[in-house]
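The chain contents come next:
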Amino acid sequence: MEGIAFSPSKNFNFNANRYSKIHGNQTLHPIQTLTQIPFRFFNHQNKPLLSFSINSTESTQTPITHPPPLVVVGSANADIYVEIDRLPAEGETISAKNGQTLAGGKGANQATCGAKLSYPTYFVGQVGDDAHGKLITQALGSGGVRLEYLKSLTGSVPTGHAVVMLQSDGQNSIIIVGGANMSSWPDKLSDQDLDVVTKAGIVLLQREIPDYVNIQVAKAAKSAGVSVIMDAGGMDAPMPQQLLNFVDIFSPNESELGRLTGMPTKNFEQISQAAGKCHKMGVKQVLVKLGAKGSALFVEGEEPIRQSIIPAAQVVDTTGAGDTFTASFAVALLEGKSKKECLRFAAAAASLCVQMKGAMPSMPNRKSVLNLLQSV
């Protein structure tokens, strides 16, 4: 054998400036994935004698796939479930029937939903360097989510987590601790951080990360001609007008719609009027999740499109149902379905979601959704 030939690779390149803008003594590390580097050995007649490959960790950006992916920028939480018969009264201590920790967070939920529906999906977010961060990273990866833009924070910042008080009827109350979701984001996102956003088909946002991060992401997406869906769930605070200026579809539930517009939302007429106020604030489409009453899409200048729920065999846990609905709607829209078909597809996915405990574990796969749609 006269020589060795191997294919060149940039897999070992490292950009030292990529994560330089951080707060305090925190250090950001991209979650690494494995890629194969091929090696081939040739004889003097240039005929291959041996071929093999090795795995290398890769921290450089991955070329965006076609069709353009769904990109979710948002939160990742460890959901600490406590199962109770009822909520405690003020000053009261009660015992939980059961407790466990599952991966969740609105951003991670939506990303997992997109990937489990067999659509290429990237997640952009942050976790802490702790057991909860590892739990979430593993759950996202197992769900098929691309993790090149998920960062791990070293130091004392914990992974975001939430206490989910799950009652016997499937309803829940949730308390959120922001952790890495709210800490150590750069003041200005780099072009590299925004690269995946500008190449997306749709960008999904929520309000469990700082508004200034969402504004930068939405602005970059809008400038690149990428549609932005803003889920109103998360912090209970006024929605910045600067953010709404870049949003194509605003998606609150009825209580969020009422809080953000300052208008009553007890019946459909009131909901329609509140959606009209959103139109005046610059959002052309308002996708309202109505719980047991279904959903409605209000497009400025058009008649509302209503979708009833697809009844579930049993309601086990409503956690993540709204995230499933929003992400499923986005996937259907990316696939070219009509708005009415998007609503129906999302309703089917949400119906399947509430029949299992946990947020990310309950996200349905594509086959299950299609089977349900064929049966109703």
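- The protein chain is annotated in an unreviewed UniProt entry as Ribokinase of Hibiscus syriacus.

## Thoughts on the nonpolar core
Proteins that are soluble and globular tend to have nonpolar side chains buried together.
Turning to step 1, where the next piece is worked out: Of all hydrophobic cores here, the largest spans 46 residues; its most connected members are L70, F123, L140, F329 and V369.
Turning to step 2, where the next piece is worked out: The contacts of F123, once residues within four sequence positions are left out, are V72, G74, S75, A76, G107, A108, A111, L140, V145, R146, Y149 and L150.
Turning to step 3, where the next piece is worked out: By size, the runner-up hydrophobic cluster in this structure holds 41 residues, among which are Y122, M230, F246 and A275.

## Description of unusual backbone geometry
Turning to step 1, where the next piece is worked out: Here the phi dihedral of S118 falls at roughly 65°; this positive angle occurs in a residue that is not glycine.
Turning to step 2, where the next piece is worked out: Within the secondary structure, S118 is located in the loop between α1 (106-116) and β8 (121-128).
Turning to step 3, where the next piece is worked out: Residue S118 is classed as exposed on the basis of its relative accessible area of 56%.
Turning to step 4, where the next piece is worked out: Phi is positive for S184, which is not a glycine, with a value near 65°.
Turning to step 5, where the next piece is worked out: By the element assignment, S184 lies in the loop between β11 (172-177) and α3 (191-198).
Turning to step 6, where the next piece is worked out: Its relative accessible area of 8% is what places S184 among the buried residues.

## A look at the sheet that holds strand β7 (residues 98-104)
Turning to step 1, where the next piece is worked out: One open sheet holds the four strands; their spatial order is β7-β6-β10-β11, and the pairing between them is mixed. At either end of the open sheet lies a strand with only one pairing partner, and these are β7 and β11. With strand direction ignored, the average angle separating the axes of adjacent strands in the sheet is 20°.
Turning to step 2, where the next piece is worked out: When strand β6 (residues 77-84) meets β7, the two strands line up antiparallel, connected through seven bridges. Directly across from V82, in β7, lies its bridge partner G99.
Turning to step 3, where the next piece is worked out: Relative to the sheet, helix α2 (residues 131-142) contacts β6, β7 and β10 (160-167), its axis offset from that of β7 by approximately 60°.

## Some points on the packing of aromatic side chains
Turning to step 1, where the next piece is worked out: Using the criterion set out here, one finds two aromatic pairs in the structure.
Turning to step 2, where the next piece is worked out: A ring pair is formed by Y122 and Y149, whose centres lie 6.1 Å apart and whose planes are at 70°; its orientation type is edge-to-face. Linking Y122 in strand β8 with Y149 in the loop between α2 and β9 (150-153), this pair joins segments that are 27 residues apart in sequence. One exposure class covers both Y122 and Y149, and it is buried.

## Quick notes on the confidence of the model for the protein chain
Turning to step 1, where the next piece is worked out: With 83% of its residues at a pLDDT of 70 or more, the protein chain has an overall mean of 85.
Turning to step 2, where the next piece is worked out: Within the model, the stretch residues 1-29 combines pLDDT values under 50 with 64 contacts to residues more than four positions away or in other chains.
Turning to step 3, where the next piece is worked out: In this model, residues 31-60 is a region of pLDDT below 50 whose contacts with residues beyond four sequence positions or in other chains number 70 contacts.

## Comments concerning the environment of L205
Turning to step 1, where the next piece is worked out: Mapping L205 onto the fold places it in strand β12 (residues 202-207).
Turning to step 2, where the next piece is worked out: When the C-alpha positions of L205 and V71 are compared, they lie 8.9 Å apart, and in sequence the two are 134 residues distant.
Turning to step 3, where the next piece is worked out: Here L205 is in contact with V73, N214, V217, A218, V228, I229, M230 and D231, once residues within four sequence places are set aside.

## With respect to the packing of α1 against helix α8 (residues 321-334)
Turning to step 1, where the next piece is worked out: Between α1 and α8, whose axes approach to 8 Å, the crossing angle comes to 45°. On the basis of the axis angle, α1 is oblique to α8. In the packing of α1 onto α8, the handedness of the crossing is right-handed. Residues K106, N109, Q110, C113 and G114 of α1 touch α8, and the partners they reach there are D323, T324, T326, A327, S328 and V331.
Turning to step 2, where the next piece is worked out: Residue classes in the contact of α1 with α8 are distributed as three nonpolar, six polar and two charged.

## Looking at empty space enclosed by the protein
Turning to step 1, where the next piece is worked out: For the structure on display, the rule yields three cavities of 30 Å³ or more.
Turning to step 2, where the next piece is worked out: Within this model, the largest cavity holds a volume of roughly 90 Å³.
Turning to step 3, where the next piece is worked out: Lining the largest cavity are V73, V124, G125, Q126, Y149, K151, W185, L189, D193, L194, V197 and V217.
Turning to step 4, where the next piece is worked out: Residue assignment for the lining of the largest cavity shows that the elements contributing at least two residues are β8 and α3.
Turning to step 5, where the next piece is worked out: Among the residues forming the lining of the largest cavity, the class breakdown is eight nonpolar, two polar and two charged.

What counts, and where the lines are drawn
Residues numbered from 1 in each chain as written. Predicted model: local features only at pLDDT ≥ 70, side-chain atom pairs only at ≥ 80, totals over all residues. Heavy atoms only, no water. Core = buried A, V, L, I, M, F, W, Y, C linked by side-chain atoms within 4.5 Å. Buried < 20%, exposed > 50% of the residue type's maximum accessible area, 1.4 Å probe, protein only. Contact = heavy atoms within 4.5 Å. Helix = DSSP H or I, 4+ residues; strand = E, 2+ residues; numbered from the N terminus. Pairing = 2+ DSSP bridges. Axes fitted to C-alpha atoms, helices over the stretch in contact; angles between N-to-C directions. Phe/Tyr/Trp six-rings, centres within 6.5 Å; stacked < 30°, edge-to-face > 60°. pLDDT = per-residue confidence, 0-100. Parallel < 35°, antiparallel > 145°, perpendicular 65-115°, else oblique. Left-handed = near helix turned anticlockwise from the far one by under 90°. Nonpolar A, V, L, I, M, F, W, Y, C, P; charged D, E, K, R; others polar. 1 Å grid on protein atoms, 1.4 Å probe; cavity = no way out; pocket = protein on both sides within 12 Å on 5 of 7 lines; lining within 4 Å. Points joined across faces, edges and corners; volume = space filled by probe spheres on them.

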